[in-house]
Amino acid sequence: MSKRFYVTTAIDYVNGQPHLGHAYEKVIADVIARARRSLGQETFFLTGLDEHGQKVQQAAVAEGKSPQAYCDELAAIWKAFAAKLELTNDDFVRTTEARHKQVVQAILSKLHAEGHFYKEVYRGFYSTREETFLTHKDRRPDGTFDPAYGEVVELDEENYYFRLKDHQQWLIDYIEQNPTFVAPAYRRNEVLGFLKNNVLEDLCISRPAARLNWGIPLPFDPDFVTYVWFDALSNYITIPAAQGDPGVPGSLRPQPSTLNPQLALWPADIHLVGKDILKFHAVYWPIMLKAMGAPLPKQVLAHGWWQKDGQRMSKSTGNVVDPIKVIDEWGVDAFRFYVLRELDIGPDGNWTEAGFKARYSAELANGLGNLVNRSLSMLKRYRNGIVPAQHDELSSRAVFLSEQVRGQLVENRLQDALQSIWALVTVGNQYVDQMAPFKLAKDPAKAERLDEVLYNLTEVCRILAVLLWPFLPGTAARINAQLGLPGAPDKFSGAHWGGLAPGHTIGTPTPLFPRKDP
Ligand code: MSP
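Draft legend 1. Region of the structure containing the overall build of the protein chain. Broken down by element type, the protein chain carries 17 helices and 16 strands. Judged by the C-alpha coordinates and their principal axes, the protein chain covers about 90 × 50 × 45 Å. Burial statistics for the protein chain: of 518 residues in total, 56% are counted as buried. Pairs at least 24 residues apart make up 75% of the contacts formed inside the protein chain by residues separated by at least 6 positions. In the structure as shown, the protein chain presents an accessible area of about 21300 Å², 51% of it carried by carbon and sulfur atoms. Counting 56 positive and 60 negative side-chain charges, the protein chain places the averaged centre of each group 4 Å from the other.

Structure representation (structure tokens):
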């Protein structure tokens, strides 16, 4: 069996609240996964949770719970969140699962045995909130540390370090020779700039268990647990390894070997991550993989950050967008549409309620909703819902735009793809306005012309359902159902002209996006 297209998201911190940023990233990954499946590619979409670390341990203790019980409760909320977003993830990784921990330990044993680690005393500053060591370079001009680091304590402790210096040059060469490894291009330039202008400091890969025990013990020294980022990054390969992926080096697969030639995932095709964690994915992760002897992912795709009304979202100021509230009020497809249409993958975005409502009303209700509703209602009214003989007036435009969408999906240009789809919506709406089928219907001599117009409109609606499927799956399914077609429009091959059979009877037209009073 050939390798599946494998797309991952960042795994969210279990102790955070699911918010717009998390939802945005997961929806992008879902569209990419659905698009690949629609295009006929076997796909695997992985998302999940990052559950270890001091913050989780402290929060659990504060609530009088064991860290595992605390994580289990939160994981249920996050899984429900994924379902609410209608994600089609094939698996959901939790870093506290045995299958993940086992492979992380196999990775650590291998790297330790091959001499990648050494032990040393560290003296300096530590931020618990960011679970990271700080140096004087991290101080602000007035000598203090940024409040974003939370409480900063002075430490004097032994730890294990991963030698990174030998890896710097090959990584620079690799990124230069593989121009799409980090995308968009300006993020790639940032990574290259960082690598060329700094000497990589060795990465501390442990924390003393005496200070923090909510982590994966180092298999070669149980006085330490694995640093959360080493643990978390590994998820992308631990799940394929645990499932017996033949693309993962054999020494990392759990014993007895679970080799499953049917499931070839590694290397990942896309790691989708936010810009804030790009360095971990484009610098540390490739080095970890090289040391493991595993091929590198094809691409690290970095998206931007959302603000609300031009300000950073923060719970303390109440300036947050709660995706669940938006979905409950407007529907999941309205949410998915706004984030994907408003913001391309890369730059930062700004959520405004006015912007959301404007897109809902102009593009969803008056654009797509109106086209589908009036086209199907007219077919129902004038032809009893029976599809007339095939006519190809809009064929060339529909085929041209569908092919454009296909190319954009393959390149993960989701915002562009939505623009192309809406170009077809506009073609349909203008056609109604120009052909005025309601006038044709009044003149029996124009019955044949009315048949032609109705065929073109109904067929455009059918093709739109296919093109929309990865983005707005519920809406696409509803259009299909209103067309009286079975199943979901989840195969891109259905976007060819002439799929609607003359004589077929459509279902009942109902508004897709009810207009809301302002
Ligand atoms: N647990 C780490 C990731 C480990 S991946 C091996 C983490 N978790 S997080 O919960 O803080 O963030 C998860 C993802 O959400 C990141 O990709 C992050 O960039 C994204 N976002 C968090 N806030 C965001 C916005 N305001 N806007 C867009 N995405 C943002 O980091």
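Still more to cover.
Draft legend 2. The arrangement of the sheet that holds strand E10 (residues 206–208) in detail. Pairing within the open sheet is antiparallel, and its 3 strands lie in the order E10-E12-E11. Each edge of the open sheet is held by one strand with a lone partner, namely E10 and strand E11 (217–218). The sheet contact formed by E10 and strand E12 (residues 221–226) spans 3 bridges and is antiparallel. Across the sheet, Arg-207 pairs through a bridge with Val-225, a residue of E12.

Draft legend 3. Fine view of the environment of Trp-305. Within the secondary structure layout, Trp-305 lies in the loop between strand E14 (300–303) and strand E15 (306–308). For Trp-305 and Ala-268, which are 37 residues apart along the polypeptide, the C-alpha to C-alpha distance reads 23 Å. With sequence-adjacent residues up to four places away left out, Trp-305 is seen in contact with Gly-274, Lys-275, Asp-276, Arg-312, Pro-347, Asp-348 and Gly-349. Separated by 3.1 Å, the side chains of Trp-305 and Asp-276 make a polar contact.

Draft legend 4. Representation of the pattern of salt bridges in the model. Applying the stated criterion to the full structure yields 39 salt bridges. Between Arg-99 and Glu-97 there is a salt bridge whose closest N-O contact spans 3.0 Å. Taking relative accessible area as the criterion, Glu-97 reaches 22% and is therefore assigned partly exposed.

Draft legend 5. Here's a closer look at empty space enclosed by the protein. For the structure on display, the rule yields 2 cavities of 30 Å³ or more. The space that makes up the largest cavity amounts to roughly 70 Å³. If you go around the largest cavity, the residues you meet are Asp-12, Lys-26, Thr-47, Gly-48, Leu-49, Trp-78, Phe-81, Ala-82, Leu-85, Leu-87 and Phe-92. Contributing elements (two or more residues each) for the lining of the largest cavity: strand E3 (43–50) and helix H3 (67–84). Counted by class, the lining of the largest cavity contains 7 nonpolar, 2 polar and 2 charged residues. There is about 30 Å³ of room inside the second largest cavity. Around the second largest cavity, the lining residues are Tyr-24, Ile-28, Leu-340, Leu-343, Asp-344, Ile-345, Leu-414 and Gln-415. Contributions of two or more residues to the lining of the second largest cavity are made by helix H1 (20–38) and helix H14 (414–435). Classifying every residue of the lining of the second largest cavity by side-chain character gives 6 nonpolar, 1 polar and 1 charged.

Draft legend 6. Quick peek at helix H11 (residues 332–342). Most of H11 is tucked away: 10 of the 11 residues are buried. Listed in full, the buried residues belonging to H11 are Val-332, Asp-333, Ala-334, Phe-335, Arg-336, Phe-337, Tyr-338, Val-339, Leu-340 and Arg-341.

Draft legend 7. Representation of the packing of helix H4 (residues 98–113) against helix H8 (residues 235–242) in the model. The geometry of H4 relative to H8 is characterised by a closest axis approach of 9 Å and an angle of 105 degrees between their N-to-C directions. It follows that H4 is roughly perpendicular to H8 by the angle criterion. Of the residues in H8, those in contact with Arg-99, His-100, Val-103, Val-104 and Ile-107 of H4 are Asn-235, Ile-237, Thr-238, Ile-239, Ala-241 and Ala-242.

Draft legend 8. Focus on the packing of aromatic side chains. Across all of its chains, the model carries 30 aromatic pairs by this definition. Aromatic pair Trp-306 and Tyr-338: ring centres 6.1 Å apart, planes at 35 degrees, arrangement tilted. With Trp-306 in strand E15 and Tyr-338 in helix H11, this pair connects stretches of sequence that are 32 residues apart. Across this residue pair, the class does not change: Trp-306 and Tyr-338 are buried. Measuring from ring centre to ring centre gives 6.4 Å for Tyr-455 and Trp-497, while their planes differ by 70 degrees; the resulting arrangement is edge-to-face. A residue pair is termed long-range when its members are at least 10 positions apart, and Tyr-455 in helix H16 (residues 447–468) and Trp-497 in the segment after helix H17 (473–482) qualify at 42 residues. According to the relative accessible area criterion, Trp-497 is buried, its value standing at 12%.

Draft legend 9. The arrangement of the site of the ligand in detail. In the vicinity of the ligand lie 23 residues, with Ile-11, Glu-25, Asp-50, Asp-276 and Trp-306 positioned nearest. Take His-22: an N or O atom from its side chain is 3.1 Å from an oxygen atom of the ligand. Taking Asp-50, its side chain carries an N or O atom lying 2.7 Å from a nitrogen atom of the ligand. In isolation the ligand has 660 Å² of accessible area, and contact with the protein removes 94% of it. For the shell around the ligand, the secondary structure elements donating two or more residues are strand E2 (12–13), H1, helix H7 (228–233) and strand E13 (270–274). Of the residues belonging to the shell around the ligand, the class tally is 12 nonpolar, 7 polar and 4 charged.

Draft legend 10. Here's a closer look at helix H5 (residues 168–177). Listing the buried residues of H5 in full gives Gln-168, Trp-170, Leu-171, Ile-172 and Ile-175. In this structure, the buried residues of H5 make contact with helix H6 (185–197) and helix H9 (278–292).

Draft legend 11. Main features of the side chain of Arg-253. Within the secondary structure, Arg-253 sits in the loop between H8 and E13. Buried charge Arg-253 goes without a salt bridge, the closest partner of opposite sign being Asp-245 at 6.2 Å. Looking at Arg-253, its side chain comes within polar contact range of the main-chain oxygen of Asp-245, at 3.0 Å. Beyond its immediate chain neighbours, meaning those up to four positions away, Arg-253 contacts Ala-241, Gly-244, Asp-245, Pro-246, Val-248 and Leu-259.

Criteria and cut-off values
- Residues numbered from 1 in each chain as written.
- Predicted model: local features only at pLDDT ≥ 70, side-chain atom pairs only at ≥ 80, totals over all residues.
- Heavy atoms only, no water.
- Helix = DSSP H or I, 4+ residues; strand = E, 2+ residues; numbered from the N terminus.
- Buried < 20%, exposed > 50% of the residue type's maximum accessible area, 1.4 Å probe, protein only.
- Contact = heavy atoms within 4.5 Å.
- Areas by Shrake-Rupley, 256 points an atom, 1.4 Å probe, with all protein chains shown as cover.
- Lys, Arg positive; Asp, Glu negative; His and termini not counted.
- Charge placed at Lys NZ, Arg CZ, Asp CG, Glu CD.
- Pairing = 2+ DSSP bridges.
- Polar contact = N/O pair within 3.5 Å; in protein donor to acceptor, adjacent residues only side chain to side chain.
- Salt bridge = Lys/Arg side-chain N within 4 Å of Asp/Glu carboxyl O.
- 1 Å grid on protein atoms, 1.4 Å probe; cavity = no way out; pocket = protein on both sides within 12 Å on 5 of 7 lines; lining within 4 Å.
- Points joined across faces, edges and corners; volume = space filled by probe spheres on them.
- Nonpolar A, V, L, I, M, F, W, Y, C, P; charged D, E, K, R; others polar.
- Axes fitted to C-alpha atoms, helices over the stretch in contact; angles between N-to-C directions.
- Parallel < 35°, antiparallel > 145°, perpendicular 65-115°, else oblique.
- Phe/Tyr/Trp six-rings, centres within 6.5 Å; stacked < 30°, edge-to-face > 60°.
- Near = heavy atom within 4 Å.

Geometric values such as these leave the question of function open.
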